[in-house]
2 protein chains.
Amino acid sequence: MTRPGSRSGTTMNDVAAAAGVSQATVSLVLNDAAGTRFSDETRRKVHAVALDLGYRTNAHAKVLRDGVAGMIGFVGDFVATAPFAGKIIEGAQARAWEAGLLLLTVNTGGDKALEAASLETMLSYKVAGVVYAAMYHRVLDVPDVLAEVPAVVLNSRDRSGRFPSIAPQEELGGYAATKRLLDAGHRRIAMVNIGDPDGELPAAVGRHAGYVRALEEAGLNPDSGLHRAGDGHESGGFDNALALMTGPQPPTAIFCANDRTAWGAYQALAQLGLSIPHDVSLVGFDNQETLAPHLRPGLTTLELPFLEMGRRAVELLLAGTDRNGRTEYFECPLVERHSVAAPLKSTSSY
Amino acid sequence: MTRPGSRSGTTMNDVAAAAGVSQATVSLVLNDAAGTRFSDETRRKVHAVALDLGYRTNAHAKVLRDGVAGMIGFVGDFVATAPFAGKIIEGAQARAWEAGLLLLTVNTGGDKALEAASLETMLSYKVAGVVYAAMYHRVLDVPDVLAEVPAVVLNSRDRSGRFPSIAPQEELGGYAATKRLLDAGHRRIAMVNIGDPDGELPAAVGRHAGYVRALEEAGLNPDSGLHRAGDGHESGGFDNALALMTGPQPPTAIFCANDRTAWGAYQALAQLGLSIPHDVSLVGFDNQETLAPHLRPGLTTLELPFLEMGRRAVELLLAGTDRNGRTEYFECPLVERHSVAAPLKSTSSY
DNA sequence: CCGGGCTGGTAATTCGTATAACTCGTCCCC
DNA sequence: GGGGACGAGTTATACGAATTACCAGCCCGG
């Protein structure tokens with residue numbers, strides 16, 4: 001019979017006393033230590049008593065001896081709050097658990113003091129490593145204290161180049177999105193970006209670069225009039241799609257650099273009485289679960305592989321191979337839905 | 001000068017040796033223990049050496065002595081993944097941090113074996129308490145092992161009545177939503193629910209009960225033809241809104257029991273050429289951040305106070321006042337946007 | 001009849017910190 | 001000048017588990 005109410009815990013000494021053996025015997029039996037021999041009778045008794053008393057190991061005593069705890073720190077700025085990035089935690093936690101580790105998570109909300117304090121606390125708990133995650137892809141400065149422990153930068157790149165980083169392959173994503181539209185037969189393909197293509201935001205820069213490369217590979221000259229900076233919100237998608245479609249030479253397809261932007265475009269096109277994908281084809285980016293599958297028609301978009309990135313971050317931590325400063329890029333797979341079709345009348349000859 | 005690369009850590013003994021004092025002195029000085037007197041010179045030296053060697057306390061040694069760790073366990077089914085419930089973690093973590101505690105989080109994804117194993121691990125780490133959180137409001141069975149530690153059920157109710165629970169006030173929310181429409185002058189108010197109003201889902205049951213109560217208080221007889229069960233997805237909102245508005249006596253307003261359902265209704269109304277709120281008023285539920293503010297017009301809806309609920313869960317844990325089995329209900333505030341207006345022609349006299 | 005090997009265990013120590021109990025001076029006051 | 005009070009520290013121990021070194025019987029062979 002277990003004793004539910006027993007706070008303060010049963011120790012190995014309690015088990016040893018009740019079983020009439022020494023604490024060492026209990027430890028050796030319960031851990032099934034190699035190279036030791038105990039009578040079956042003793043083993044049976046120890047196990048029975050341990051179960052009976054509801055013995056549970058004290059992890060702190062173990063860590064104190066062994067030096068490293070079964071925990072990994074996860075520090076994020078807004079990761080838990082960001083609607084689509086919960087997966088990044090889920091992936092990290094799943095991989096950690098496979099290795100028998102728990103995740104100690106902190107959301108700093110951008111507060112540097114809180115960040116520093118939580119890192120200190122995590123280190124005092126001897127975490128096996130720290131994942132330093134960012135809500136959106138950028139180049140960031142990692143706190144020095146992380147040099148004391150295996151650390152990985154997730155969904156961003158470390159400016160100092162000291163830590164391995166994991167980030168999405170933005171350029172390839174922009175390329176794939178554009179290529180999808182080219183393959184469908186489009187030639188006038190616009191892009192509504194989520195920021196300045198020459199700015200600081202790797203997503204805006206990379207996705208645009210991929211867009212340009214795809215066009216050039218197809219022998220097309222990127223028309224600067226077809227690129228709009230946007231702002232990452234649906235208002236940017238709405239306004240720019242409206243402007244593009246009412247302009248002198250409207251595109252037959254639009255690549256929106258995120259799904260929110262695409263949603264704005266949907267609303268603008270609806271207002272203009274244009275149908276998707278019949279009149280205009282659309283490709284998004286992010287595969288935002290609460291949005292992309294539910295638009296009518298479903299939005300063809302690129303997925304940010306957050307689950308895999310989270311997993312990989314922990315894996316790098318565990319591997320510990322000092323791959324200093326290398327950034328690993330993750331490809332964004334195309335998620336096909338129903339917002340792309342052939343253009344109404346092909347403007348090119350084939 | 002700190003020693004960045006020094007894994008394995010500086011201990012109090014190292015500091016003591018370097019400062020030429022005993023380990024006890026280091027402990028007493030660094031913890032500023034009450035009732036002890038040391039010379040300023042000694043204090044200064046200890047602090048200086050500790051800083052110099054980069055001393056950091058070993059939390060495990062402390063816990064081993066003191067019995068309770070500065071950590072709280074947070075076990076959720078899909079909480080981190082659910083798009084809108086990340087706030088529940090954020091709130092819990094914020095409150096925990098104010099008390100100097102870290103959060104040990106696990107997403108079980110509904111896996112009971114993983115759940116049991118992580119609870120065992122958490123208990124072996126001597127967590128100060130456990131928050132047992134659910135993605136959606138329901139009545140659930142709490143693992144027995146949680147009886148060994150302070151525990152709180154979050155966003156659900158404990159069937160056994162052993163643990164304090166925290167849940168949203170669904171009935172009051174349904175009432176407020178309906179009242180808002182009544183106050184605007186509506187008399188034919190439909191409801192598209194997110195499930196069976198006599199079923200197991202507290203949200204569906206409670207929100208419906210509030211709807212009925214508001215109507216009755218206004219002297220109206222709830223028309224069963226105006227209530228639709230729905231399914232919580234936008235398809236339920238789309239189909240039911242279409243049916244309601246093309247029926248014999250269409251409502252002038254619809255209360256959708258969640259925002260996704262409301263979104264479906266938006267699309268149905270758009271298809272019918274009806275404008276919101278001019279032709280039909282709409283109220284949602286959930287205040288889903290990635291949706292409600294971005295619909296055109298912005299959706300008036302009720303907010304689930306996840307941040308506060310998360311905070312309160314940890315607070316109850318900390319208070320530890322044995323409020324056995326009591327459920328604390330949190331009111332859902334109305335978030336006013338632009339989807340409610342007076343009916344086109346009032347069907348009642350005033 | 002004695003040594004060696006095997007069986008079945010135990011004693012003692014370690015990890016790093018906190019704290020109760022104690023020691024050794026020195027000063028002060030009667 | 002003797003004793004109490006205080007100042008400034010130190011010593012020793014406990015927390016719970018893991019592990020190394022050891023030990024007591026017993027059996028067997030030469």
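Treat the numbers as computed from the prediction; the structure is a model and nothing was measured.

(A) The arrangement of the overall build of chain A in detail. Within chain A, the regular secondary structure consists of 11 helices and 14 strands. Here the C-alpha atoms of chain A give a radius of gyration of 27 Å, more than 25% beyond the 20 Å that 2.2 N^0.38 yields for 350 residues. Looking at the 350 residues of chain A, the share that counts as buried comes to 52%. The contacts of chain A with a sequence gap of at least 6 include a subset with a gap of at least 24, amounting to 68%. Accessible area of chain A: about 14700 Å², with a carbon and sulfur share of 52%. The average position of the 32 basic charges and that of the 39 acidic charges among the side chains of chain A differ by 6 Å.

(B) Seen up close, the sheet that holds strand β10 (residues 253-256) of chain A. Residues and elements named next belong to chain A. In spatial order, the strands read β9-β8-β10-β11; together these four strands make up an open sheet with parallel pairing. Where the open sheet ends on each side, the last strands, each with one partner, are β9 (227-228) and β11 (281-283). Set on the sheet, helix α8 (residues 202-217) makes contact with β8 (189-192), β9 and β10; between it and β8 the angle comes to about 175 degrees. Sheet strands touched by helix α10 (residues 259-272): β8, β10 and β11. Its angle to β11, the strand with the most contacts, is close to 165 degrees.

(C) Highlighting unusual backbone geometry. Residues and elements named next belong to chain A. The omega torsion of the bond from Ile-276 to Pro-277 falls at 0 degrees, within 30 degrees of zero and hence cis. Position of Pro-277 relative to the elements: it lies in the loop between α10 and β11. In the Ramachandran plot, Asn-155 falls in the positive-phi region, its phi being about 65 degrees despite a non-glycine side chain. Its location among the elements puts Asn-155 in the loop between β5 (151-154) and β6 (157-158).

(D) Geometry of the interface of chain A and chain B. Between chain A and chain B, the residue contacts involve 58 residues of the former and 58 residues of the latter. For the pair chain A and chain B, the summed buried area comes to about 5400 Å², and 58% of that belongs to carbon and sulfur atoms. The interface formed by chain A and chain B contains four salt bridges. Between Arg-56 of chain A and Glu-120 of chain B there is a salt bridge whose closest N-O contact spans 2.8 Å. For the pair chain A and chain B, the interface holds 22 residue pairs in polar contact (both at pLDDT 80 or more).

(E) Representation of the protein's contact with DNA strand C within the structure. The environment of DNA strand C is formed by 25 residues, the closest being Thr-25, Ser-39 and Arg-65 of chain A together with Met-12 and Tyr-55 of chain B. At 3.1 Å from a base nitrogen of DNA strand C is found a side-chain nitrogen or oxygen belonging to Gln-23 of chain B. Between DNA strand C and Ser-27 of chain B there is a distance of 3.1 Å, counted from a phosphate oxygen to a side-chain nitrogen or oxygen. Residues belonging to the surface near DNA strand C are distributed by class as follows: nine nonpolar, 11 polar and five charged.

(F) Examining the domain arrangement of chain A more closely. If you check the domain split of chain A, you get domain 1 (12-57), domain 2 (68-169 + 305-333) and domain 3 (170-303). The C-alpha-based centres of domain 1 of chain A and domain 2 of chain A are spaced at 39 Å.

(G) The arrangement of the protein's contact with DNA strand D in detail. Among the 24 residues in the neighbourhood of DNA strand D, the closest are listed as Met-12, Asn-31 and Tyr-55 of chain A together with Thr-25 and Ser-39 of chain B. Each atom of DNA strand D within 4 Å of the protein belongs either to a base or to sugar and phosphate, the latter forming 58%. Between DNA strand D and the protein, one listed contact pairs a phosphate oxygen with a side-chain N or O atom of Asn-31 of chain A at 2.7 Å. If you list the elements that add at least two residues to the surface near DNA strand D, you get α2 (23-30) and α4 (59-66) of chain A together with α2 (23-30) and α4 (59-66) of chain B. When residues in the surface near DNA strand D are grouped by element, the largest group, four residues, is from α2 of chain A.

(H) How the structure looks around the relation of the copies chain A and chain B. Rotating chain A by 180 degrees and translating it 0.1 Å along the rotation axis places it on chain B, where the RMSD comes to 0.2 Å. What the superposition gives is, in effect, a two-fold axis relating one chain to the other.

(I) Layout of the environment of Glu-98 of chain B. Residues and elements named next belong to chain B. Within the secondary structure, Glu-98 sits in helix α5 (residues 86-98). The spatial distance from the C-alpha of Glu-98 to the C-alpha of Ile-72 is 12 Å, given a sequence separation of 26 residues. Only 2.9 Å separates the side chain of Glu-98 from the side chain of Arg-311, close enough to count as a polar contact.

(J) Quick look at the nonpolar core. Counting residues in each nonpolar core, the largest one holds 137 residues, and the members touching the most others are Phe-74 and Ile-254 of chain A together with Phe-74 and Ile-254 of chain B. In contact with Ile-254 of chain B, not counting residues within four places along its chain, are Leu-181, Ala-190, Val-192, Ala-241, Leu-244, Met-245, Val-280, Ser-281, Leu-282 and Val-283 of chain B. Listed in part, the 48 residues of the second largest apolar core include Ala-59, Val-63, Tyr-132 and Leu-140 of chain B.

(K) Broad picture of the packing of helix α1 (residues 12-19) of chain A against helix α3 (residues 40-53) of chain A. All names here are of chain A. Across the interface, α1 lies against α3 with an axial gap of 9 Å and an inter-helix angle of 125 degrees. Classified by the angle between their axes, α1 and α3 sit oblique to one another. For the pair α1 and α3, the crossing hand works out as right-handed. Mapping the contact onto sequence places Asp-14, Val-15, Ala-18 and Ala-19 in α1 and Lys-45, Val-46, Val-49, Ala-50 and Leu-53 in α3. Looking at the contact of α1 with α3 residue by residue, the class counts come to seven nonpolar, no polar and two charged.

(L) Focus on the pattern of salt bridges. Throughout the structure, instances matching the rule amount to 44 salt bridges over all chains. Two residues, Asp-183 of chain B and Lys-179 of chain B, come together in a salt bridge whose shortest N-O distance is 3.2 Å. Here Lys-179 of chain B and Asp-183 of chain B lie together in helix α7 (residues 170-183), a separation of four residues that amounts to about one turn. For Asp-183 of chain B, a relative accessible area of 52% gives the class exposed. You can call Lys-179 of chain B partly exposed: its relative accessible area is 32%. Because the salt bridges share partners, they merge into one network encompassing Arg-95, Glu-98, Arg-311, Arg-312, Glu-315 and Glu-328 of chain A.

(M) Spatial organisation of the packing of α1 of chain A against α2 of chain A. Residue and element names in this part refer to chain A. Contact pair α1 / α2: the axes reach a minimum separation of 8 Å and the direction vectors enclose 105 degrees. When the interaxial angle is binned, α1 and α2 end up roughly perpendicular. Residues Met-12, Asn-13, Val-15 and Ala-16 of α1 lie in contact with α2, whose contacting residues are Gln-23, Val-26, Ser-27 and Leu-30. Its residues placed into classes, the contact of α1 with α2 shows five nonpolar, three polar and no charged.

Criteria and thresholds
- Residues numbered from 1 in each chain as written.
- Chains lettered and ligands numbered in written order.
- Predicted model: local features only at pLDDT ≥ 70, side-chain atom pairs only at ≥ 80, totals over all residues.
- Heavy atoms only, no water.
- Helix = DSSP H or I, 4+ residues; strand = E, 2+ residues; numbered from the N terminus.
- Rg over C-alpha atoms; globule rule 2.2 N^0.38 Å.
- Buried < 20%, exposed > 50% of the residue type's maximum accessible area, 1.4 Å probe, protein only.
- Contact = heavy atoms within 4.5 Å.
- Areas by Shrake-Rupley, 256 points an atom, 1.4 Å probe, with all protein chains shown as cover.
- Lys, Arg positive; Asp, Glu negative; His and termini not counted.
- Charge placed at Lys NZ, Arg CZ, Asp CG, Glu CD.
- Pairing = 2+ DSSP bridges.
- Axes fitted to C-alpha atoms, helices over the stretch in contact; angles between N-to-C directions.
- Buried area = accessible area lost by both parts, 1.4 Å probe.
- Salt bridge = Lys/Arg side-chain N within 4 Å of Asp/Glu carboxyl O.
- Polar contact = N/O pair within 3.5 Å; in protein donor to acceptor, adjacent residues only side chain to side chain.
- Near = heavy atom within 4 Å.
- Nonpolar A, V, L, I, M, F, W, Y, C, P; charged D, E, K, R; others polar.
- Domains from an automatic or database assignment.
- Least-squares fit on C-alpha atoms with pLDDT ≥ 70 in both.
- Core = buried A, V, L, I, M, F, W, Y, C linked by side-chain atoms within 4.5 Å.
- Parallel < 35°, antiparallel > 145°, perpendicular 65-115°, else oblique.
- Left-handed = near helix turned anticlockwise from the far one by under 90°.

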